[in-house]
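Summary of structural features
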Amino acid sequence: LPPRYSAIKQDGKKLYELARQGKTIEVPLRQVTITAIEILDWQGAQRDRGPELKIKVDCGEGTYIRSLARDLGAKIGCGATLAKLERTLSCGLQLQESMDFSEIEARVSSNNFEFIAPETLLNHWPTFRLNSQQAHQWSLGQKITGVDHLTVDQWFVGKDDQDNFLGMAIVQEREGQILLAPKVAFSPKS
């Protein structure tokens, strides 16, 4: 059960906006995927603090770890809150591969800094291959037609027939027609 203060939309408004207005909200349940939970450490209650459990969770998108802590506490009958959250993997990027600002500055100063290719962060999205005409339309920000087999509200990475990254788009329905609408569009390489 996601928290009331989340960005999930209900009737076109984010739940946190409704909650801040003092409205009573019935938060919809969500199905999420948790592939593993590993107990890393357990500290029993002390005189000055309650018990602490440190876990590692491998989960899919849309999982609210704070809600997981709340639900686990409710299940064992003592309540629980989240004291710390550290994301170690997201979109295929691992925490140990990250750099702090001083390392980035040093690499930039020594001309040894390389940006991550944008499509690396989107490797979990499906790819839509564009022919040369569609790639040209895409680069102009025009919607792509003839995509009736796609699902509305699904996101895609756009690539041309030579595997060049062209950006990202969402499938929309307008006046009964299914369209692929570029939201970030790069021009195809010449």
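Read on for a plain summary of the structure. All values reported here derive from a predicted model rather than from experimental measurement.

Quick look at the overall build of the protein chain now. Within the protein chain, the secondary structure is distributed over four helices and 10 strands. When the helices and strands of the protein chain are placed in sequence order, the string is β-β-α-β-β-α-β-β-α-β-α-β-β-β. Here the C-alpha atoms of the protein chain give a radius of gyration of 22 Å, more than 25% beyond the 16 Å that 2.2 N^0.38 yields for 190 residues. Within the span of the protein chain, comprising 190 residues, buried residues form 22% of the whole. Sequence separation of 24 or more characterises 44% of the internal contacts of the protein chain that already satisfy a separation of 6 or more. One way to put it: in the protein chain the 23 positive side-chain charges average out to a point 7 Å from where the 24 negative ones average out.

Using the criterion set out here, one finds five salt bridges in the structure. Its salt-bridge partner being Arg107, residue Glu103 comes within 3.3 Å of it at the nearest N-O pair. Placement of both Glu103 and Arg107 in helix α3 (residues 101–109) is noted, with a separation of four residues, approximately one turn of the helix. Of the residues examined, Glu103 reaches a relative accessible area of 32% and is grouped as partly exposed. Take Arg107: its relative accessible area is 32%, and that puts it in the partly exposed class. For the salt bridge of Arg129 with Asp163, the shortest nitrogen-to-oxygen distance reads 2.6 Å. Taken together, the positions of Arg129 in strand β7 (residues 127–130) and Asp163 in the loop between β8 (155–160) and β9 (165–174) put the pair 34 residues apart, joining distant regions of the chain. Given a relative accessible area of 41%, Asp163 falls into the partly exposed group.

What follows is about the nonpolar core. Grouped together as the largest cluster of nonpolar side chains are 13 residues, with contacts concentrated most on Phe128, Leu130, Trp138, Val147, Leu150 and Leu180. Elements represented by at least two residues in this core include exactly β7, α4 (132–139), β9 and β10 (177–185). The dominant element in this core, judged by the number of residues it contributes, is β9, at three residues. Contact partners of Val147, with chain neighbours within four places excluded, come to Phe128, Ile178, Leu179 and Leu180. Counting residues in each nonpolar core, the second largest holds six residues, with Leu15, Leu18, Ala19 and Ile25 among its members.

For the rest of this paragraph, the subject is unusual backbone geometry. Note: most peptide bonds trans; most residues except glycine with negative phi. Phi at Asp153 takes a positive value of approximately 75 degrees, unusual for a residue other than glycine. With respect to the helices and strands, the residue Asp153 is situated in the loop between α4 and β8. The phi torsion at Asp163 lies on the positive side, around 70 degrees, for a residue other than glycine.

Read from one edge of the open sheet, four strands run β7-β8-β9-β10, paired in mixed fashion. Among the strands making up the open sheet, the edge pair consists of β7 and β10. Across the sheet, the mean angle from the axis of one strand to that of its neighbour is 40 degrees, orientation sign disregarded. With four bridges joining them, β7 and β8 adopt parallel strand pairing. Of the residues in β8, the one forming a bridge with Leu130 is Asp160. Together, β7, β8, β9 and β10 form the strand contacts of α4, whose direction differs from that of β7 by roughly 110 degrees.

Here we come to helix α2 (residues 65–76). Every α-helical turn comprises 3.6 residues, leaving residues that sit three or four positions apart pointing alike. For α2, with 12 residues, the first-to-last C-alpha span of 17 Å sits near the 16 Å given by 1.5 Å per residue. Within the sequence span of α2, burial applies to Ile65, Ser67, Leu68, Ala69 and Gly73. Gly77 lies just past α2 and shows a positive phi near 85 degrees.

On the surface, a nonpolar cluster with roughly 210 Å² of combined accessible area is contributed by Val32, Ile34 and Ile37. Within the secondary structure layout, Ile34 lies in strand β3 (residues 34–43). According to the relative accessible area criterion, Ile34 is partly exposed, its value standing at 33%.

Thresholds, definitions, all that
Residues numbered from 1 in each chain as written. Predicted model: local features only at pLDDT ≥ 70, side-chain atom pairs only at ≥ 80, totals over all residues. Heavy atoms only, no water. Helix = DSSP H or I, 4+ residues; strand = E, 2+ residues; numbered from the N terminus. Rg over C-alpha atoms; globule rule 2.2 N^0.38 Å. Buried < 20%, exposed > 50% of the residue type's maximum accessible area, 1.4 Å probe, protein only. Contact = heavy atoms within 4.5 Å. Lys, Arg positive; Asp, Glu negative; His and termini not counted. Charge placed at Lys NZ, Arg CZ, Asp CG, Glu CD. Salt bridge = Lys/Arg side-chain N within 4 Å of Asp/Glu carboxyl O. Core = buried A, V, L, I, M, F, W, Y, C linked by side-chain atoms within 4.5 Å. Pairing = 2+ DSSP bridges. Axes fitted to C-alpha atoms, helices over the stretch in contact; angles between N-to-C directions. Expected span 1.5 Å × (residues − 1). Patch = residues over 30% accessible without salt bridge, like charges linked within 9 Å, V, L, I, M, F, W, Y side chains within 5 Å. Areas by Shrake-Rupley, 256 points an atom, 1.4 Å probe, with all protein chains shown as cover.

The analysis is restricted to geometry; functional conclusions fall outside its scope.
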